[in-house]
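# Coordinate inspection notes
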Amino acid sequence: MKSVETSGLTVRLNGFEALSNVTLSLNHPTFTAIIGPNGAGKTTLLKTMLGLIRPQSGNIRVMGLDPIKEPKKVRSMVGYVPQRDRVSFFVPMKTKDVVMMSRLTSKRPPRWATEYDEIVVRKVLRIVGVEDLADRRFDELSGGQQQKVLIARAIVSEPRLLLLDEPFNGIDVRSQYEITNLITGLKESGVSIIIVTHDVSDIINLIDNIVILYRRVVAAGKPEDVLKEDILKSVYGDRIRICSYEPCLMFVPRDSHG
Amino acid sequence: MVDPLSPFLIKAYVAVIIMAATSIIGSMSVLRGIAYMPAEAAHAALGGAALGILFGYVANITVDPYVVAAIFASITTLFAGYVGRRGGSEAIATALAGALTLGVSIYAFVRYILPAQLRVVLDGYLVGDILLLGDSDIVTLSILTMVCMVIFAIFYNEIIYVCFDPEGAEAMGMNASFYDFMIFFLIGLAGSVATKTVGTLIVYALMIAPAITAKELSKSINGMLTLSVTLTLVAGYGGLAFSIIFNMPSSGSIAIFASAIYVGAILAKRLAPKR
């Protein structure tokens, strides 16, 4: 069983080729990091996996299903954590209601919450370590706490594949560590994790694969096979700083958000 | 002294309740991050009403200008929503600015053509008077407001989720585009209701000022909606009483009350000791 499989995947957005002939094969369960400069198509690839973007050509299968033909089935198996800044802070939602969103969207309108839904939401908030914030407004939480709540929202529906879009952006080291532990625990329980990030330093020893994306797959494989100076410089140019961090090279891209 | 139970005042009391209901849709536009849209919808409604009156005058057929206003405003906001989904918030703003200009231009053009007695009818949409609503107006506005409220109540969760995180909602299997268009449609419809009730010029003060005030003071969405309705009722009845006592224009007095509540609430919040 593959968590994600693509062949010759090409995606055009507003006349621009965001992904070109992307071919990938990721096992299930996997812990894979997708890295690449801004505009490399990382988020586009995640959205294509969810069926939110229709590819121009090529094939994609997520957990064995075509996300374009069977989006509901795919989305019922996939948890998605968007970039935190994609969420509106105009809406004074309580933390527990943010998590409940995932439970209720799987029901039909008017989508009332049952007592069981409430119990499950509390349980997941406890798992991610923010149960005491259940009644606080989401927009009043710290960046790290918000990220944990968004992860709780994604895992409350018990997905088999979790997609995280830059979960470490703008959060402190301690929160990064806690989120990494959380994600690792999910991987150990059989959930596939695909994480888009600019900084793999905290997860380098945990991930199975790295995909370097720059509209096409530049390199994919085990971290020690992919994080090579020539490969990194071909993507990020000569301006990145590379240092040795056994068993592979580490780098700090200049255009990193975090 | 005016009889507080006189028919025109009773209709005004009902109209204030209608405005309070439309403030829920105003709150929705604040949550969606398009607080300016009800005002734009109101200007589109003005243009629609002008066209309705013009049809009646030129073709000599009976057309309820308000019906044309509601259709025109709803189409305009739906179009803005469509443009916005393709081009982002700047595209929405541009589309609505165009709709505002079009609405006002149609109003000015039609007003130039119309005879004096019809100009008064048209001007009623620009600077409406809550005290001059007829029985049929109240019935029409009540029905349309009920439609808005029923749709909002049934799809409450969907609307909130699309306001909060449209991408995430779509990823969870919701048809976010459909519900987003529903939001735009409701704003258009409610904007036209508010236009007929209090006039284009002060729709913003009544649909949005209470909603923004409520958002500043509330800890939850339900709290925000409840407070928004309450503030609109306070502004509505307070402004009405003020206008009767001091012989002032009623809609303007209500708008002044709504704005004063907003300013007072923000000042109180700023001056309150931080806990």
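Calculation criteria
Residues numbered from 1 in each chain as written. Chains lettered and ligands numbered in written order. Predicted model: local features only at pLDDT ≥ 70, side-chain atom pairs only at ≥ 80, totals over all residues. Pairing = 2+ DSSP bridges. Helix = DSSP H or I, 4+ residues; strand = E, 2+ residues; numbered from the N terminus. Contact = placed C-beta atoms within 7 Å. Nonpolar A, V, L, I, M, F, W, Y, C, P; charged D, E, K, R; others polar. Expected span 1.5 Å × (residues − 1). Buried ≥ 20, exposed ≤ 12 C-beta atoms within 10 Å, placed from the backbone. Core = buried A, V, L, I, M, F, W, Y, C linked by C-beta atoms within 7 Å. Axes fitted to C-alpha atoms, helices over the stretch in contact; angles between N-to-C directions. Left-handed = near helix turned anticlockwise from the far one by under 90°. Parallel < 35°, antiparallel > 145°, perpendicular 65-115°, else oblique.

All names here are of chain A. As paired elements, strand 8 (residues 209-213) and strand 9 (residues 217-221) share 4 bridges and run antiparallel to each other. Its bridge partner lying in strand 9, Ile-212 is registered against Ala-219. Between the end of strand 8 and the start of strand 9, which pair antiparallel, lie 3 residues, with Arg-215 showing a positive phi angle near 70°.

Okay, the interface of chain A and chain B next. How big an interface is tends to be expressed through the accessible area that disappears when the partners come together. If you look at the interface, chain A gives 24 residues, while chain B gives 27 residues. Within the residue set of the side of chain A that touches chain B, elements represented by two or more residues are helix 2 (71-77) and helix 3 (95-104) of chain A. When the residues that make up the side of chain A that touches chain B are grouped by side-chain class, the tally is 13 nonpolar, 5 polar and 6 charged.

What follows deals with helix 5 (residues 143-155) of chain A. All names here are of chain A. The end-to-end C-alpha separation of helix 5 is 18 Å, in line with the 18 Å expected for 13 residues at 1.5 Å each. For helix 5, the complete set of buried residues consists of Gly-144, Gln-146, Gln-147, Lys-148, Val-149, Leu-150, Ile-151, Ala-152, Arg-153, Ala-154 and Ile-155. The secondary structure elements touched by the buried residues of helix 5 are strand 5 (78-81), helix 3, helix 4 (115-128), strand 6 (161-165) and helix 6 (173-188).

Take the nonpolar core next. Counting 165 residues, the largest nonpolar core has Val-99 and Leu-163 of chain A together with Ala-45, Leu-186 and Leu-206 of chain B as its most contacted members. Not counting the four nearest positions on each side in its chain, Leu-206 of chain B is found in contact with Met-19, Ser-23, Ala-194, Val-198, Thr-232, Ile-254, Ala-255 and Ala-258 of chain B.

All right, on to the packing of helix 3 (residues 65-87) of chain B against helix 9 (residues 176-198) of chain B then. Residues and elements named next belong to chain B. Where helix 3 contacts helix 9, the axes come no closer than 8 Å and their chain directions differ by 145°. When you trace helix 3 past helix 9, the crossing you get is right-handed. Residues Tyr-66, Ala-69, Ala-70, Ala-73, Ser-74, Thr-76, Thr-77, Leu-78, Ala-80, Gly-81 and Arg-85 of helix 3 lie in contact with helix 9, whose contacting residues are Ser-177, Asp-180, Phe-181, Phe-184, Phe-185, Ile-187, Gly-188, Leu-189, Gly-191, Ser-192, Thr-195 and Lys-196. Among the residues forming the contact of helix 3 with helix 9, the class breakdown is 11 nonpolar, 9 polar and 3 charged.

Further remarks concern the packing of helix 5 of chain A against helix 6 of chain A. The angle between the axes and the distance between the axes are what describe a pair of packed helices. All names here are of chain A. Packing of helix 5 against helix 6 leaves a shortest axis separation of 10 Å and a crossing angle of 15°. Our classification of the angle between helix 5 and helix 6 gives roughly parallel. The crossing of helix 5 and helix 6 is right-handed. Contacts between helix 5 and helix 6 involve Gly-144, Gln-147, Lys-148, Ile-151 and Ile-155 from the first element and Ser-175, Ile-179, Leu-182 and Leu-186 from the second. Here the contact of helix 5 with helix 6 is composed, by residue class, of 5 nonpolar, 3 polar and 1 charged.

Moving on: the sheet that holds strand 6 of chain A. Residues and elements named next belong to chain A. The strand order across the open sheet formed by 6 strands is 5-6-7-3-8-9, and the pairing between neighbours is mixed. Looking at strand neighbours, the two that pair on one side only are strand 5 and strand 9, the edges of this open sheet. Each strand axis lies, on average, 15° off the axis of its neighbour in the sheet, ignoring direction. Note that strand 3 (residues 31-35) and strand 7 (residues 192-196) share 4 bridges and pair parallel. Residue Ala-33 lies in a different strand from strand 7, and its bridge partner there is Ile-195. Packed on one face of the sheet, helix 8 (residues 229-236) meets strand 8 and strand 9 and runs near 145° to strand 9.

What follows is about the sheet that holds strand 1 (residues 2-13) of chain A. All names here are of chain A. Across the sheet, 3 strands lie side by side as 2-1-4; this open sheet has antiparallel pairing. In this open sheet, the two strands that pair with only one neighbour each are strand 2 (16-27) and strand 4 (57-62). Looking at each pair of strands side by side, their axes are set apart by 20° on average, direction ignored. Judged from the 8 bridges that link them, strand 1 and strand 2 form a sheet pairing that is antiparallel. Note that in strand 2 the partner of Val-11 across the bridge is Leu-19. In the packing of helix 1 (residues 42-50) onto the sheet, the strands contacted are strand 1, strand 2 and strand 4, and the crossing angle to strand 1 comes to about 115°.

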